[in-house]
Amino acid sequence: MSLVKAKKHLGQHFLTDKGIANRIVESLINTDKYNQVLEVGPGMGILSDFLLQRKDLQTYLIDIDTESFHFLNEKYPELGDRLINGDFLKLDFDAIFPDKFAIIGNFPYNISSQILFKILDNRNKVVEMVGMFQKEVAQRCASPAGTKDYGILSVFLQAYYKIEYLFTVKPGTFNPPPKVHSAVIRLTRNEVETLDCDEKLFWRVVKAGFNQRRKTLRNAVSAVMPKDKMDDHIYFEKRAEQLTVDDFVKLTQHVSELMAKA
């Protein structure tokens, strides 16, 4: 089999360290909640080799790269329909996975946020995710309130998942090496079915708050409701990065009440 050439337009950086690959696969630990796993962007299968050794998991692979697909089809003929040549961002999870499942991958950095929002949109099916991201993105996901890396993605993910920053990966373990450090994080679905507020309004309030993160929420949230409808609630005097997920839920409840009175 001829090796697959990494393609810049697909953001491909193939992991070459088998020790790290095994460590990533071993980070799937909540298999009492699922028995199927989808690997995104397997490339030449360095993670897949270890995934397919796990008897507790039924492995699916998806790669948008046709060259990778043909390589993997030859390498793992036993996969059959469980090897998918397609775009993860357009994949209909319900058509393939009747029950809850996990996602794993060395994700293309140019679509990492889109991957995370796809997982969020399917949070009641995706109960665990272990993934390699650009270090800055991984830090943003895992950062607590009050830190400079805490932002929109942090709040949305932490509302529905427990997030663990597992380990950092150096550029030299990839071919070609990226210009940045990478990191592996784990998302584990929490017990929150729905937030205790209007979820659509919650998303609007969080986005408004961080879109003008240097301003107080009184100024930032004016994109959602007029200032003259606000009261002297303490949250309006804080900045978005100072509020936890629970604080944002309470702020959303309060904004909802004020809007109902207006």
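This text follows the structure it describes.
Draft legend 1. Local environment of the sheet that holds strand 6 (residues 126–134). With mixed pairing, the 7 strands of this open sheet are ordered in space as 4-3-2-5-6-9-7. In this open sheet, the two strands that pair with only one neighbour each are strand 4 (83–85) and strand 7 (161–169). Adjacent strand axes in the sheet meet at a mean angle of 15 degrees, parallel and antiparallel pairs treated alike. The sheet contact formed by strand 2 (residues 36–40) and strand 3 (residues 58–63) spans 5 bridges and is parallel. Considered in strand 3, the bridge of Gln36 is made with Gln58. Taken strand by strand, helix 3 (residues 66–75) contacts strand 3 and strand 4, and its axis lies near 160 degrees from that of strand 4.

Draft legend 2. Spatial organisation of unusual backbone geometry. Between Asn175 and Pro176 the backbone carries a cis peptide bond, its omega angle lying at -5 degrees. If you trace the backbone, Pro176 turns up in the loop between strand 8 (174–175) and strand 9 (182–189).

Draft legend 3. Local environment of the pattern of salt bridges. If you walk through the whole model with that rule in mind, you get 9 salt bridges. For the salt bridge of Glu164 with Arg186, the shortest nitrogen-to-oxygen distance reads 2.9 Å. A residue pair is termed long-range when its members are at least 10 positions apart, and Glu164 in strand 7 and Arg186 in strand 9 qualify at 22 residues. Ionic pairing is found between Glu241 and Arg213, a salt bridge with its closest N-O pair at 3.1 Å.

Draft legend 4. Up close: the packing of aromatic side chains. For the structure on display, the rule yields 11 aromatic pairs. Aromatic side chains Phe93 and Phe101 sit 5.2 Å apart centroid to centroid with 80 degrees between the ring planes, which places their arrangement in the edge-to-face category. For Phe93, a relative accessible area of 1% gives the class buried. Between Tyr150 and Phe210, the ring centres sit 5.8 Å apart and the planes meet at 75 degrees, which makes this aromatic pair edge-to-face.

Draft legend 5. Representation of the pairing of strand 3 within the structure. Strand 3 sits mainly inside the fold: 5 of its 6 residues count as buried. Handedness of the crossover joining strand 2 and strand 3 through helix 2 (residues 46–51): right-handed. Of the strand pairs in this sheet, strand 3 and strand 4 are connected by 3 bridges, and their pairing is parallel. The residue bridging Ile62 from the neighbouring strand is Ile84, located in strand 4.

Draft legend 6. A look at the layout of surface pockets. Taken as a whole, the largest pocket encloses approximately 580 Å³ of empty space. What lines the largest pocket is a set of 36 residues, among which Gln12, Phe14, Gly41, Gly43 and Asp63 lie closest to the centre. Of all elements in the fold, only strand 1 (14–15), strand 2, helix 2, strand 3 and helix 3 reach the threshold of two or more residues within the lining of the largest pocket. The element best represented in the lining of the largest pocket is helix 2, accounting for 3 residues. A breakdown of the residues in the lining of the largest pocket according to their chemical character gives 18 nonpolar, 12 polar and 6 charged. Roughly 290 Å³ of internal volume is contained in the second largest pocket. What lines the second largest pocket is a set of 14 residues, and nearest its centre among them are Lys8, His13, Pro177, Pro178 and Lys179. Grouping the constituent residues of the lining of the second largest pocket by class yields 6 nonpolar, 5 polar and 3 charged.

Draft legend 7. The arrangement of the nonpolar core in detail. Counting residues in hydrophobic clusters, the biggest one holds 58 residues, and the most contacted among them are Leu38, Ile103, Leu116, Met129, Phe202, Phe248 and Leu251. Element by element, the count of residues in this core is highest for helix 8 (residues 199–211), at 7 residues. Every residue in contact with Phe248, bar those within four places of it in the chain, is listed here: Val155, Phe202, Val205, Val206, Phe210, Ala240 and Leu243. One finds Val25, Leu51, Val169 and Val184 within the second-largest nonpolar core, a separate group that totals 23 residues.

Draft legend 8. Just the pairing of strand 9, in detail. Among the 8 residues that make up strand 9, 8 are buried, leaving the element largely enclosed by the rest of the structure. A two-sided burial pattern is seen for strand 9, the buried positions comprising Ser182, Val184, Arg186 and Thr188 on one face and Ala183, Ile185, Leu187 and Arg189 on the other. Of the pairings in the sheet, the one linking strand 7 to strand 9 comprises 8 bridges and is antiparallel in character. Residue pairing across strands places Lys162 opposite Thr188, the latter belonging to strand 9.

Conventions and cut-offs
Residues numbered from 1 in each chain as written. Predicted model: local features only at pLDDT ≥ 70, side-chain atom pairs only at ≥ 80, totals over all residues. Heavy atoms only, no water. Pairing = 2+ DSSP bridges. Helix = DSSP H or I, 4+ residues; strand = E, 2+ residues; numbered from the N terminus. Axes fitted to C-alpha atoms, helices over the stretch in contact; angles between N-to-C directions. Contact = heavy atoms within 4.5 Å. Salt bridge = Lys/Arg side-chain N within 4 Å of Asp/Glu carboxyl O. Phe/Tyr/Trp six-rings, centres within 6.5 Å; stacked < 30°, edge-to-face > 60°. Buried < 20%, exposed > 50% of the residue type's maximum accessible area, 1.4 Å probe, protein only. Right-handed = clockwise from strand over helix to strand, strands pointing away. 1 Å grid on protein atoms, 1.4 Å probe; cavity = no way out; pocket = protein on both sides within 12 Å on 5 of 7 lines; lining within 4 Å. Points joined across faces, edges and corners; volume = space filled by probe spheres on them. Nonpolar A, V, L, I, M, F, W, Y, C, P; charged D, E, K, R; others polar. Core = buried A, V, L, I, M, F, W, Y, C linked by side-chain atoms within 4.5 Å.

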